[in-house]
Amino acid sequence: MADRKNTVTRTFLNGLITENPTFTLMLGMCPTLGVTTAASNGIGMGLATTFVLVCSNLFISLLRKIIPDKVRIPAYIVIIASFVTMVDLFMKAYLPDLSKSLGSYIPLIVVNCIIFARAESFAAKNGPVQSLADGLGMGLGFTASITLLSIVRELFGSGTIFGAQIMPESYQPMDIMNKVPGGFITLGLMMILVNAIKKIIGKRRAARKEALA
Amino acid sequence: MQIKNIAITPSPHVRSSVSTRRLMQEVCLALAPAGIASVILFGAPAAVIIAASVITCVLAEYLYQRLMKQKVTVGDWSAVVTGLLLAYNIPAGAPVWIPIVGGIFAIIIVKQLFGGIGSNFMNPALTARAVLFVSWNAIMIKYPQTVFLAKGRVGLDAVSGATPLAELGKVFTGAEGASLSNVSLLDLLLGNCAGVLGETCKIALILGGVYLIVRKVIDWRIPVSMIGTVAVMYLLTSGFNLGLTARELLSGGLMLGAFFMATDYCTSPQTNKGRLIFGAGCGLLLFVIRAYASYPEGCSFAILFMNVCTPLIDRWTAPRYFGEVRKHG
Amino acid sequence: MNTFLVILIGQILINNYVMCQFYGICPFLGVSKKVDTALGMGMAVTFVITLASFITWLVQNFILVPLELEYLQTIAFILVIAVLVQVVENALKKLSPSLYQALGVYLPLITTNCVVLAVAQKNVTEGAIMDGQTLGLLASTFCGFCAAIGFTLALVLLAGIRERMEQSNMPKWMEGFPGALIMAGLMAIAFMGFGGLLQGLHLVG
């Protein structure tokens, strides 16, 4: 039997890598595609979502025995929406530039299905420590993947990463990367790549197991 | 429905005897006059673009199929057709990397990812053109004048002329100083006007298109309904101004699109009724985009949009689904 | 009349919530495997968005603004939407079992469809649809309806393509989400041609 600490770590890593919300669970697609034209947006959106996810997971887990099953959906939504409103107001006050470039996607964290899905499928069934780890893992997994996506899009769409010029001066930015088609296609191609890597790793593991046996 | 076979079954009566390769060779032959005309009109830069585009497309298909350990099908000439069509949609004098990037996008992302010939749902050359157009707009709308118009000036790149479409657009909206007499019908027919390299010489395109229809390589329904719809729309909105309508029909990418791109087998409907609807839709959207939207030429976007609608048109014009159209207004 | 035409063309073609703005991607990718289910989902969404636009406008203008509680907009709106979805589901179950059977499975999914909330919030934002103009109740409702039709259009078009692709020889690794994403991207390219259409029609400045 694994000890408690071990399972918490495992829950955290599960969200970060194994069940990465973007590449495995395919949740929260709208902000993933909508804000990822610049790497700084990706990180900002990711961290804002992580904050809401961690808080809502913790609260819902604490309240899971009090909330009646019938009204759980409205109850979850109110909890999530409260944290989103906090983040929204905080960012408007202290990070006005980031808040402006993320636009309406901040209030829309409420309907980001990652948060709702984790509340329903994890926090409602597990203790607060586990739920906290799950929220943190999922949130950082989401942050990592949308930052990666936004780095690729910014590199080709503007020739920069985090605003620093990477491509040579003569590079002509590929404007379509900043638009809707670029987002869809880049994410699709990245998903193919991730799936291919996963398959190779899986094959290797199986081969190693076979060799051991 | 034998979707897998569409690439080799353009219409029922020629199903048995033809192969993809022969059809594609016929298309290349039909495209040749316009290509030759473009080299005459725009000089060496046109030849460079055509070569770069065709080589990129064929090479991209070959390398992808080798890499993926698939059967190499470059021998079916379809990549050559895509390369030609893509080149015809690029202005002469564009940097060489433009057709290269476009060719890779067309072949790999639009065609091969979905399973190669017969499986793509959007026209590869047109999609690549739209990507180039949106990404590097400044390059893609830098239309050089033809050698004949630029005579006495410094060189090809020195002038990037207004296209006849821009002038006609002004006539259409009734702008001051715009007049139909600025656009010569003969110049339009011969291709002596600014534009992307393959679309200007209308005589060559019409010749190629009629050849394909006569040889039953393409179905007459799509080009006829597309060009007809554009004509009707311009006649109606311009108060039956025949001069304007004729010039609109002969400018921009309409002829190239109607004969060679809207008729692509796997991206247009299979039913006869569907083809008429498809052509009319292309014509209507072309008119709307050309006359009102911010892009100067609507042909590629109109055809692409109808490409997207094709599976539904097929579904709702196939006899067994009859009547279901009404459900979705 | 002008406003309504701007809303109609704008919401369906030019600013299509899915194809031009990245809203509602999850149901767009999730419920687009079959044309029939896509139509069902589209109708359910249309029903809910139209009603939600109507009610959230009233909530904004008769509750939040008079009480100066605008900062609670997100909470209030999402609560309205969640309750509305629940009410619609129950009402349909009682009033029209046949319609419930057709749309019922999609209803719970609509709460987390961000188009609903995005439309509701845009409707009450000044200048979101037309410069310097705030929409009235009727225009807001119509705006919601058109946004939903735009969503349905995108959904059904993608479903048509995906159905066709099932019969083609698409590689195994393209099946599911990766393929759907790339299809959606190519579709979005086709939607780009409508840019500037409203200015061209002299409908907006």
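Conventions used here
Residues numbered from 1 in each chain as written. Chains lettered and ligands numbered in written order. Predicted model: local features only at pLDDT ≥ 70, side-chain atom pairs only at ≥ 80, totals over all residues. Heavy atoms only, no water. Helix = DSSP H or I, 4+ residues; strand = E, 2+ residues; numbered from the N terminus. Buried < 20%, exposed > 50% of the residue type's maximum accessible area, 1.4 Å probe, protein only. Contact = heavy atoms within 4.5 Å. Areas by Shrake-Rupley, 256 points an atom, 1.4 Å probe, with all protein chains shown as cover. Polar contact = N/O pair within 3.5 Å; in protein donor to acceptor, adjacent residues only side chain to side chain. Phe/Tyr/Trp six-rings, centres within 6.5 Å; stacked < 30°, edge-to-face > 60°. Buried area = accessible area lost by both parts, 1.4 Å probe. Salt bridge = Lys/Arg side-chain N within 4 Å of Asp/Glu carboxyl O. Nonpolar A, V, L, I, M, F, W, Y, C, P; charged D, E, K, R; others polar. Patch = residues over 30% accessible without salt bridge, like charges linked within 9 Å, V, L, I, M, F, W, Y side chains within 5 Å. Lys, Arg positive; Asp, Glu negative; His and termini not counted. Charge placed at Lys NZ, Arg CZ, Asp CG, Glu CD. Domains from an automatic or database assignment.

Draft legend 1. Quick look at the overall build of chain B. Summing up its helical and strand segments, chain B has 14 helices and zero strands in all. In chain B, the succession of α and β elements from N to C terminus is α-α-α-α-α-α-α-α-α-α-α-α-α-α. Expressed as a percentage of its 329 residues, the buried residues of chain B come to 61%. A fraction of 73% describes how many contacts in chain B between residues 6 or more apart in sequence connect residues 24 or more apart. Taken as a whole, chain B presents about 12600 Å² of accessible surface, with 66% of it coming from carbon and sulfur.

Draft legend 2. Layout of the side chain of T50 of chain A. All names here are of chain A. Structurally, T50 is set in helix 3 (residues 39-63). Among the polar contacts listed, one links the side chain of T50 to the backbone oxygen of G46, at a separation of 2.7 Å. Aside from chain neighbours lying at most four places away, what touches T50 is L136, G139, L140 and T143.

Draft legend 3. Main features of the packing of aromatic side chains. Residues and elements named next belong to chain B. For the structure on display, the rule yields 19 aromatic pairs over all chains. Aromatic pair W97 and W136: ring centres 5.1 Å apart, planes at 80°, arrangement edge-to-face. Pair noted here: W97 is in helix 4 (residues 97-111) and W136 is in the loop between helix 5 (124-135) and helix 6 (137-140), with a separation of 39 residues, a long-range link. You can call W97 partly exposed: its relative accessible area is 30%. Look at F172 and Y234: their rings are 5.5 Å apart centre to centre, the planes differ by 75°, and that puts the pair in the edge-to-face class. Of this pair, F172 sits in helix 7 (residues 164-173) while Y234 sits in helix 10 (residues 221-237), placing them 62 residues apart in sequence. Through a chain of ring-to-ring contacts, three or more aromatic side chains come together here, namely F172, Y234, F287 and Y292.

Draft legend 4. Seen up close, the interface of chain A and chain B. Contacts between the two partners involve eight residues from chain A and, on the opposite side, nine residues from chain B. For the chain A and chain B pair, buried surface summed over both sides reaches about 740 Å², with 77% attributable to carbon and sulfur atoms. Of all residues in chain A, the largest losses of buried area upon contact with chain B belong to Q172, M174 and I176 of chain A, amounting jointly to 55% of the total for that side. On the surface where chain A and chain B come into contact, there are zero salt bridges. Seen at the junction of chain A and chain B, the total is three residue pairs in polar contact (both at pLDDT 80 or more). Residue composition of the side of chain A that touches chain B, grouped by class: five nonpolar, one polar and two charged.

Draft legend 5. Spatial organisation of a positive patch on the surface. On the surface, R204, R205, R208 and K209 of chain A cluster together into a patch of positive charge. For K209 of chain A, a relative accessible area of 65% corresponds to the exposed category.

Draft legend 6. Representation of the domain arrangement of chain B within the structure. Residues and elements named next belong to chain B. In terms of domain boundaries, chain B breaks down into domain 1 (20-139) and domain 2 (155-313). Across the interface of domain 1 and domain 2, roughly 3000 Å² is buried in total on both sides, 73% from carbon and sulfur atoms. Summed over the three residues of domain 1 that lose the most area to domain 2, namely E26, F42 and L126, the buried surface amounts to 18% of that side. Here E26 makes a salt bridge to R215, at a shortest N to O gap of 2.8 Å.

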